[in-house]
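Topology and contacts: notes
The residues making up each chain are set out below.
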Amino acid sequence: MGNWPGVIVRADGVQDRFYLGLLSGPNDYSIYRRWDGVYYLVARGTAETWQVGDVLTLGVIGSANPVTVTLYHNGNAVLSWTSSSQAEVKNGGSPGIGIFSPLGQALTLDNWEGGNIPPDTQPPSTPGNLVATATGVSQVHLSWTASTDNVGVTGYLVERQDPGSQSFVQVGTSTGTSYNDTGLAAGSSYSYRVRATDAAQNLSEYSGVASATTLAGIAASDDFNRADGFLGANWTKPPASQNNLVIVNNRVGVDVEDTHNYAFWSANSFSEDQYSQVRISNVGPWNGVIVRAQLIIDRFYLAFVFGANDYRIYLRKDGLYYELITGTTETWAAGDIIGLEAAGLNPVQLTLLRNGNPVLTYTDTTENLFGGSPGIGIYSPSGYHLAIDDWEGGNLGTLGILRSLGTLVPDTQAPSTPTLVGDAIR
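Along each chain, numbering runs from 1 in the same order as the chain's sequence is written. Two thresholds apply to this predicted model, a pLDDT of at least 70 for residue-level local features and 80 or more for giving and counting side-chain atom pairs, whereas whole-chain, interface and lining totals are computed over all residues. Values shown for side chains rest on all heavy atoms present in the structure; no hydrogens or waters enter the calculation.

Comments concerning the sheet that holds strand 1 (residues 5–11)
Strands pair in a sheet through their backbones, by hydrogen bonds, and they do so in one of two ways: parallel or antiparallel. So the rule is basically this: Any two strands with at least two DSSP bridges between them are considered paired. We count a stretch as a helix when DSSP gives it H or I for four or more residues in a row; a strand needs E for two or more, and each element gets its number in order from the N terminus. A fitted line through C-alpha atoms represents every axis, and for helices the fit uses only the stretch in contact; the resulting angles, taken between N-to-C directions, go from 0 to 180 degrees.
Within the open sheet, the five strands sit side by side as 4-3-2-1-8. Their pairing is antiparallel. At either margin of the open sheet sits one strand with a lone partner, and together these are strand 4 (38–45) and strand 8 (94–99). Taking the axes of each pair of neighbouring strands and ignoring which way they run, one obtains an average angle of 25° across the sheet. Sheet analysis places strand 3 (residues 28–35) next to strand 4, joined by seven bridges and oriented antiparallel. Each residue of the ladder has a partner; that of Tyr29, found in strand 4, is Gly45.

Things to note about the sheet that holds strand 9 (residues 128–134)
Taken in spatial order, the three strands line up as 9-10-13 in an open sheet, and their pairing is antiparallel. Strands with a single pairing partner mark the edges of an open sheet, and in this sheet they are strand 9 and strand 13 (178–181). Across the sheet, the mean angle from the axis of one strand to that of its neighbour is 15°, orientation sign disregarded. Here strand 10 (residues 140–145) pairs with strand 13 via four bridges, running antiparallel. For His141, the partnering residue across the bridge sits in strand 13 and is Asn180.

Quick notes on the pattern of salt bridges
Cut-off, in case you're wondering: Every case where a carboxyl oxygen of Asp or Glu lies within 4 Å of a side-chain nitrogen of Lys or Arg is listed as a salt bridge. A 1.4 Å probe rolled over the protein chains alone gives each residue an accessible area, and that area as a share of the maximum for its type sets the label: buried under 20%, exposed over 50%, partly exposed in between.
Inspection of the entire model under this criterion finds 18 salt bridges. Across the pair Lys90 and Asp12 runs a salt bridge whose closest N-O atoms are separated by 3.6 Å. A residue pair is termed long-range when its members are at least 10 positions apart, and Lys90 in the loop between strand 7 (76–82) and strand 8 and Asp12 in the loop between strand 1 and strand 2 (17–25) qualify at 78 residues. With a closest N to O distance of 2.9 Å, Glu159 and Arg193 form a salt bridge. With a gap of 34 residues between them, Glu159 in strand 11 (residues 153–161) and Arg193 in strand 14 (residues 189–198) connect regions that are remote in the sequence. The exposure class of Glu159 is buried, given its relative accessible area of 6%. In the salt-bridge network here, residues are joined through shared partners; they are Arg160, Asp162 and Asp181.

Topic: the side chain of Ser207
Positionally, Ser207 belongs in the loop between strand 14 and strand 15 (210–213). A relative accessible area of 7% places Ser207 in the buried class.

Here we look at the layout of surface pockets
How we decide: Buriedness of a pocket was judged along seven lines, with at least five required to meet protein on both sides within 12 Å; pockets are open sets of points on a 1 Å grid over the protein atoms alone, cavities are sets where a 1.4 Å probe fits but cannot get out, and lining residues have an atom within 4 Å of a point. Grid points are joined across faces, edges and corners, and a volume is the space filled by probe spheres set on the points. When residue character is reported, Ala, Val, Leu, Ile, Met, Phe, Trp, Tyr, Cys and Pro are called nonpolar, Asp, Glu, Lys and Arg charged, and the others, Gly included, polar.
Counted as a void, the second largest pocket has a volume near 1,300 Å³. In this structure, the second largest pocket is lined by 42 residues; those nearest its centre are Val7, Val55, Leu56, Thr57 and Glu113. When contributions to the lining of the second largest pocket are tallied by element, the ones reaching two or more residues are strand 1, strand 5 (56–61) and strand 8. For the lining of the second largest pocket, the residue count by class is 23 nonpolar, 15 polar and four charged.

Topic: the packing of aromatic side chains
The line we're drawing: Any two rings among Phe, Tyr and Trp, with Trp reduced to its six-membered ring, count as a pair given centres within 6.5 Å; such a pair is stacked if its planes are under 30 degrees apart, edge-to-face if over 60, and tilted if neither.
Within this structure, the stated rule accounts for 16 aromatic pairs. Pairing Tyr29 with Trp50 gives two aromatic rings, centres 5.7 Å apart and planes at 55°, and the pair type is tilted. With a gap of 21 residues between them, Tyr29 in strand 3 and Trp50 in the loop between strand 4 and strand 5 connect regions that are remote in the sequence. Both residues of the pair, Tyr29 and Trp50, count as buried. Measuring from ring centre to ring centre gives 4.7 Å for Trp286 and Phe304, while their planes differ by 20°; the resulting arrangement is stacked.

As for unusual backbone geometry
Cis geometry marks the peptide bond from Asn3 to Trp4; its omega dihedral reads -5°. Here Trp4 shows up in the segment before strand 1. Positive phi is not limited to glycine here, since Phe224 has a value of about 60°. With respect to the helices, strands and loops of the structure, Phe224 is situated in the loop between strand 16 (219–222) and strand 17 (229–230). Positive phi, close to 55°, is recorded for Asn368, a residue that is not glycine. Along the chain, the position of Asn368 falls in the loop between strand 29 (357–364) and strand 30 (373–379). Overall, the relative accessible area of 14% leaves Asn368 in the buried class.

Describing the pairing of strand 30
For strand 30, the tally of buried residues reaches seven of seven residues, placing the bulk of the element in the interior. Bridge analysis of strand 21 (residues 260–265) against strand 30 gives five bridges, and the strand direction is antiparallel. Bridging from a neighbouring strand, Asn261 pairs with Ile378 of strand 30. Here strand 23 (residues 287–293) pairs with strand 30 via five bridges, running antiparallel. Opposite Asn287, over in strand 30, you have Ile378 as the bridge partner.

What to know about the side chain of Gln277
As a reminder of what qualifies: Polar contacts here mean pairs of N or O atoms no more than 3.5 Å apart (in protein, one a potential hydrogen donor and the other a potential acceptor; neighbouring residues in sequence count only if both atoms are side-chain atoms). Two residues form a contact once any of their heavy atoms are found within 4.5 Å.
Mapping Gln277 onto the fold places it in strand 22 (residues 274–280). By relative accessible area, Gln277 is classed as buried at 5%. Within the structure, the side chain of Gln277 is placed 2.9 Å from the backbone oxygen of Thr135, a separation counted as a polar contact. Ignoring any residue separated from it by four or fewer positions in sequence, one finds Gln277 in contact with Thr135, Gly136, Gln139, Val289, Ile337, Ile338, Gly339, Asp390, Trp391 and Glu392.

Description of the pairing of strand 22
Sheet faces and side chains relate simply in a regular strand, where the side chains alternate between the two faces. Among the seven residues in strand 22, six count as buried, and that is most of the element. The sheet contact formed by strand 22 and strand 27 (residues 337–343) spans six bridges and is antiparallel. Of the residues in strand 27, the one forming a bridge with Gln274 is Ala342. As paired strands, strand 22 and strand 31 (residues 388–395) are joined by six bridges and run antiparallel to one another. Bridge pairing in strand 31 places Gln277 opposite Glu392.

Laid out in structure tokens, this is it:
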């Protein structure tokens, strides 16, 4: 794998126009349209993990706007793009292959096949095992088992039944097997169902219904759906932040990579027992959340995802980072929600959560950071372009107190000795 091998469809021998599906890395795949000497990126995916020997397929359906181009990983649809105007439609032409191999990579491909897509009238199978988990006062995380299809599943339609309503209404779509529903009311019960679709718009039967009740408490949230630029007046940069977190395309990234960048919510006051959570847009070293961050004192607790099977809790204190504990058993993917809870004082019980489920705990009996506010943080190595979205943080309430007492999260692992790792987490 490298930059890049791929396939093309509707290539014309005379006119320089075609659609292109390519793989740039284990978690980097894209759909382009080549138009009169220029490449236009129309869709990019990061959730799938590719390996040598996998099959990359690109299919296109339709002859007039809209046409749909779908990229498949070993026969499963993982990325799609639909044209928005007739000017983006390429008709005719033939399927083929393409490679751009940087110096020394010697990229190759094998076993090509191309042809006509037959009419598809078979719907996908029904999504299974729908689970709804309340991850805060305003968010519910959904996960389910993937559907299958004779051609390929292109996505899932998510429907929600609001409190007091007798009907379900579609609230979103997903190309993967999870969805994060935001902007909900605190302490309210919501029900969900999901069905799959394919490129021919065949719909599966509905999944079973799953319900969840959002938590009650004082919290703040931010979906970052506003103009590109700085985070705004509600956010404050603590002393540890070397540069700025910025909004780009309704998500949060960094304006300078290879630097530690933080912000905490300063528009409200929170109790000692607090939580912070955020949806990670891609996996890499690293993006995460902070709790008990001080406006002036350079101290806070930090939880982040470093890799697919690498997640950690750190202490930031007076210019230095201390590694408290590391987990390796969970497999993280783009779209997962990482959360951190801090409860109690002397000792402080820290809990790292994935999609609302506790996966790592640590008892701090020495530092006992207190006060402060919840927030977010990113260290994005050059070229990773890490980003986060859909933040929520606030007072922990009864749920966190039960965790700190061991009622919900039995902790059989003895705390490790804090390790000083200097001023860079790498």
